[in-house]
Structure formats: C-alpha cells, structure tokens
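Below are the chains, spelled out letter by letter.
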Amino acid sequence: MVWDMNGGGYPTGWKLIDEEGPSGEGRAPAFDVEHARLLHQHELGESQCTSALVKHINAPLDIVWSLVRRFDEPQRYKPFVKQCVMREGGLEVGSIREIEVASGLPATSSVEQLERLDDDEHILAFRKLDGDHRLLNYSSILTLHEDEIDERPGTTVVESFVVDVPDGNTEEETCCFIEQLIKCNLRSLANICEQLPHQ
Ligand code: A8S
C-alpha cells in the first residue's frame, strides 16, 4: 500500500513523521490545521528551500511547551547540542544563544536569535545569525497544537524552516539534511515528554 505523505488532512508538503503505516493512516488531526498552516508561511528568497515536519506526541501540551519554550536550554531535548551559552538576554525576543554542536556533524557552533516566543499561542521562532556551519539565513518556526489520538489528549508539533541552499549542494540535499536533524530533535522531544510522569 502506498502511504500518501499528504494524507490525513495536513497541508501539501508537510511531512508527518513516525506515523507511516496503518496506525497513522487516516487519522484526522483534531486541531485547526488551516490556522497552523498560516503560522508556518515563510517568505522564500532565491536559492532558498523550505520544508515542514509534523510529529504527534502522546503528552499534554503544557509538558511539551515547558521544554520547547526554554530558548536558553535547547540541550534539554536537542541531541546534537553539546552546550549552550547565552550571549544576550534570556527568554525575551532578541535574546542570543551560542550552541556548541556535538561532534560528528559538519559544524561546531551556531549563534541563534530568538525572534518570537508566544506562551499563549505556543510559537517559538528563531534565526541563525552566525557560527561555524553551512546553513546561512536559516530560520525556523515551531508551533504546538492540542490534539487527540484515540480520545487521549496529545500534542502535535509542527516545525518548519527556510534556509539558503549552500553552494555545491542541491535543494533536495539541503532539505534532507535539515529534516534528518529536526526528526531527531522531535523524536527526542517526544521520548522525553512521553516518559515524564503525568495524567
Ligand atoms: C535546530 C535545527 C538545526 C540545527 C542545525 C537544523 C545545527 O545546529 C546542527 C548541525 C549542523 O550541522 C548545522 O533546531 C547546525 O537546531 C545541529 C550547526 C546549524
């Protein structure tokens, strides 16, 4: 059977991760997907690429948000962040963090600025300003949405990004590389939240 990535009621181009196969098939999201789509609109410049990933987490939104909102502590769930030091501010818009990237990746550091942190709408957006890596003009938006699976409360995470395609790489290679990193981040976020005591 062919699994249609855009099935299940998500916008075209959004990739639902970890729900291939019968269990994820046909599950209609229980939140306002059109509203979510509007939150993830990026202005796409020349030689840039964009993509969006969707992951369901079997944990209440408050738990997931408590980890995601900590712009000053991305290492709480991002497995490739070895260390994070604040350069400026903390959790206010404009704050700047510097990340030391774990070994094995084609990068050592990343300097990132918080562009949006909305505790009511559960939106976090940041942009890469600098660092020793190849992802120029990377900016990302992460939103959380209260959702349900089998009548159990859960959270759907949507993370989208836009970035310059580096010289010598194709659009597809660039998107694929970033999608792999984001998948790892979202799987790790889900594992942590699903193991925390709640309910
Ligand atoms: C994030 C997302 C990404 C981070 C990338 C895509 C990066 O921080 C890592 C490895 C790299 O090779 C590039 O939300 C860069 O953090 C983990 C240093 C930019």
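With an unreviewed UniProt entry as reference, the protein chain is termed Abscisic acid receptor PYR1, source organism Rhynchospora pubera. As recorded by UniProt, the Sequence similarities (unreviewed entry) comment attached to the protein chain reads in full: "Belongs to the PYR/PYL/RCAR abscisic acid intracellular receptor family."

(A) Representation of the side chain of Ser 109 within the structure. Tracing the chain through its elements places Ser 109 in strand E5 (residues 109–118). Non-local contacts of Ser 109, meaning those with residues more than four positions away in its chain, are made with Glu 98, Ile 99, Val 101, Gly 131, Asp 132 and His 133.

(B) Spatial organisation of empty space enclosed by the protein. Counted by the stated rule, this structure contains 1 cavity of 30 Å³ or more. Quantified by volume, the largest cavity comes out at close to 90 Å³. Along the walls of the largest cavity sit Val 68, Arg 70, Phe 71, Pro 74, Tyr 77, Lys 78, Arg 97, Leu 124, Phe 126, Ser 140, Leu 142 and Glu 159, which together make up its complete lining. Those elements that place two or more of their residues in the lining of the largest cavity are strand E6 (123–130) and strand E7 (139–149). Classifying every residue of the lining of the largest cavity gives 7 nonpolar, 1 polar and 4 charged.

(C) Spatial organisation of the pairing of strand E4 (residues 96–101). Relative to E4, strand E3 (residues 81–88) is paired through 6 bridges, and the arrangement is antiparallel. Bridging from a neighbouring strand, Gln 83 pairs with Glu 100 of E4. Direction of pairing for E4 relative to E5: antiparallel, over a ladder of 5 bridges. Across the sheet, residue Arg 97 finds its bridge partner in E5, namely Glu 112.

Here is what the cut-offs are and how they apply
Residues numbered from 1 in each chain as written. Predicted model: local features only at pLDDT ≥ 70, side-chain atom pairs only at ≥ 80, totals over all residues. Heavy atoms only, no water. UniProt positions renumbered as here; feature names shortened; annotations may be inferred. Helix = DSSP H or I, 4+ residues; strand = E, 2+ residues; numbered from the N terminus. Contact = heavy atoms within 4.5 Å. 1 Å grid on protein atoms, 1.4 Å probe; cavity = no way out; pocket = protein on both sides within 12 Å on 5 of 7 lines; lining within 4 Å. Points joined across faces, edges and corners; volume = space filled by probe spheres on them. Nonpolar A, V, L, I, M, F, W, Y, C, P; charged D, E, K, R; others polar. Pairing = 2+ DSSP bridges.

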